[in-house]
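One-letter residues, chain by chain:
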Amino acid sequence: MDKGIREGIDWEQPFPDEEYAQRRARVQRALERAGYDGMLVTAPRDYHYLTGHDHIWQYRHAVIGLYFDTASGSFVFFDNTSHKVLISNTPQITDILYNSRSIPAAEQAVELAEKLLARGWGRGRVAIQTWGYGCHPDHVRTVGRRFAAAGAEIVEDSDLIEDVRLYKSPREVAVIREAAAISVAAMEAARDFMRPGVAETEIDAVVCYELMKRGCGHPGIRNMFGSGPRSGCHHSPATHRRLRQGDVVHVDFSASLHRYHANISRSFAVGEIDQRWHDLFDRSADCSRAIVEGVGPGDPFSKVQKAADAFIAASGVDRARYEWFIGGYTLGIAFPPDWVHRHRPEPFEPADDPAMEPGMVFNFEVQYDVFDGWPGGSGGGWIDSYLMTEDGLEILTEMPRNLMVVGG
């Protein structure tokens with residue numbers, strides 16, 4: 001860390017020192033409950049949560065992250081000197097170990113382990129993160145093996161900090177609310193721009209401009225577009241295809257403010273379109289409201305899925321024929337390509353069904369594939385983001401979910 005660079009920080013930080021201190025205290029308590037003496041934190045969204053450190057390129061040979069010591073509640077960050085200026089611009093990082101750039105990453109991992117052991121850390125029962133788009137798991141396990149050779153018990157645990165992050169603080173919620181409002185504004189700008197002859201890439205440009213004009217960074221994941229025969233692609237990037245009269249257009253993106261994001265997706269009709277499309281969307285438009293009315297604080301997350309499933313069952317939509325995905329994910333900190341978190345309202349494992357306490361944020365989507373040859377497209381759908389409050393569930397991305405007509 002360069003003190004001269006640190007003293008030159010002249011821009012407002014996303015959160016005050018107090019917020020980060022509270023986060024580290026919560027993680028410290030979670031480590032104590034789990035019986036861990038320390039944790040090697042290498043998932044970017046987790047060390048971002050603890051320090052605010054933000055960077056772009058997570059290359060596969062990087063040995064980057066932090067070691068959190070449970071007893072003291074303190075941490076040391078580690079990276080190589082190529083990021084010295086970036087680290088110096090992160091006020092929460094006051095202790096840093098630089099890796100040797102002249103040796104391979106595997107050797108850097110060994111070097112790091114020895115430095116941590118020399119501090120008296122990396123002993124006892126230590127958790128390491130091997131799942132995440134960060135430091136390569138081979139390098140993480142190399143550090144773990146060196147700790148084990150010195151007598152430590154190593155436990156692979158990539159979920160502990162994510163579980164702490166599941167319930168957002170009031171300051172985090174305020175940022176997510178702002179991101180959600182920006183998501184809606186950007187979707188409205190895209191809607192107003194659409195007309196025959198406009199390319200998908202041009203719509204993408206309008207969305208990105210609107211997001212960044214309002215203070216966001218790059219989206220939580222690449223923006224997704226599909227029009228006409230591509231409308232059911234769902235995970236497709238924008239192409240040079242130009243909109244035509246009668247197209248279905250599907251748009252899906254996440255505004256990201258200080259890495260906190262809110263997901264929104266909507267579908268549009270360019271002018272007159274086959275009425276069956278409107279009927280499909282009209283039947284599902286109130287599903288979001290049914291979810292809000294069907295759950296409350298303290299309910300298990302799986303109750304969201306039950307409320308949505310009951311609504312769709314009563315809507316008359318042939319789910320077996322048209323469903324692409326009806327479900328969702330918890331949201332929080334986005335480091336592309338990792339943007340959603342592991343909890344789903346239809347959990348992969350019974351243990352992954354957390355209570356919906358105030359501060360929990362998630363998305364829910366109703367997405368269709370249509371392979372019946374209807375003119376105009378191959379699918380579409382909508383996505384909303386939600387926040388659980390003390391008073392109940394709130395839709396953060398309020399905007400019509402019907403197939404909206406554009407280009408008039």
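Read on for a plain summary of the structure. (Residues numbered from 1 in each chain as written. Predicted model: local features only at pLDDT ≥ 70, side-chain atom pairs only at ≥ 80, totals over all residues. Heavy atoms only, no water.)

**Side note on the packing of aromatic side chains**
So, step 1. Throughout the structure, instances matching the rule amount to 12 aromatic pairs.
So, step 2. With centroids separated by 6.0 Å and ring planes inclined at 85 degrees, the aromatic side chains of tyrosine 67 and phenylalanine 147 adopt a geometry described as edge-to-face. Taken together, the residues tyrosine 67 in strand β2 (residues 65-69) and phenylalanine 147 in helix α6 (residues 137-149) connect sequence positions 80 residues apart. The pair tyrosine 67 / phenylalanine 147 is uniform in exposure class, with both members buried.
So, step 3. Here the aromatic rings of tyrosine 322 and tryptophan 374 are separated by 5.6 Å at their centres, their planes lie at 45 degrees, and the arrangement is tilted. With tyrosine 322 in helix α13 (residues 319-322) and tryptophan 374 in the loop between β12 (361-369) and β13 (379-389), this residue pair connects regions lying 52 residues apart in the sequence. Each member of the pair tyrosine 322 and tryptophan 374 is classed as buried.
So, step 4. Feature note: the residues Phe15, Tyr20 and Tyr260 constitute an aromatic cluster, connected by ring pairs.
So, step 5. For arginine 259, the ring lying beneath its charged end belongs to phenylalanine 335, and the centroid distance is 3.6 Å.
So, step 6. If you follow arginine 401 out to its NZ or CZ, it ends over the ring of tryptophan 382, 5.8 Å from the centre. (Phe/Tyr/Trp six-rings, centres within 6.5 Å; stacked < 30°, edge-to-face > 60°. Helix = DSSP H or I, 4+ residues; strand = E, 2+ residues; numbered from the N terminus. Buried < 20%, exposed > 50% of the residue type's maximum accessible area, 1.4 Å probe, protein only. Lys NZ or Arg CZ within 6 Å of the ring centre and 35° of its normal.)

**Quick word on helix α5 (residues 105-118)**
So, step 1. Compared with the 20 Å implied by 1.5 Å per residue over 14 residues, the 20 Å span of α5 between its first and last C-alpha is a close match.
So, step 2. Within α5, burial applies to Ala105, Gln108, Ala109, Leu112, Ala113, Leu116 and Leu117.
So, step 3. Among the structural elements, β1 (38-41), β2, β3 (74-80), β4 (96-99) and α6 are those in contact with the buried residues of α5.
So, step 4. One or two residues past the end of α5 sits glycine 120, with phi positive at roughly 90 degrees. (Expected span 1.5 Å × (residues − 1). Contact = heavy atoms within 4.5 Å.)

**Overview of unusual backbone geometry**
Outside of glycine, negative phi angles account for most residues, and trans bonds account for most peptide bonds.
So, step 1. The peptide bond linking proline 336 to proline 337 adopts the cis configuration, its omega dihedral lying at 10 degrees.
So, step 2. Topologically, proline 337 is positioned in the loop between β10 (323-335) and β11 (338-340).
So, step 3. Even without being a glycine, histidine 258 presents a positive backbone phi close to 55 degrees.
So, step 4. On the secondary structure map, histidine 258 appears in the loop between β8 (248-257) and β9 (260-270).
So, step 5. A positive phi angle is found at arginine 259, which is not glycine, with a value near 75 degrees.
So, step 6. The class for arginine 259 is buried, based on a relative accessible area of 13%.

This is a description of form; function is not addressed.
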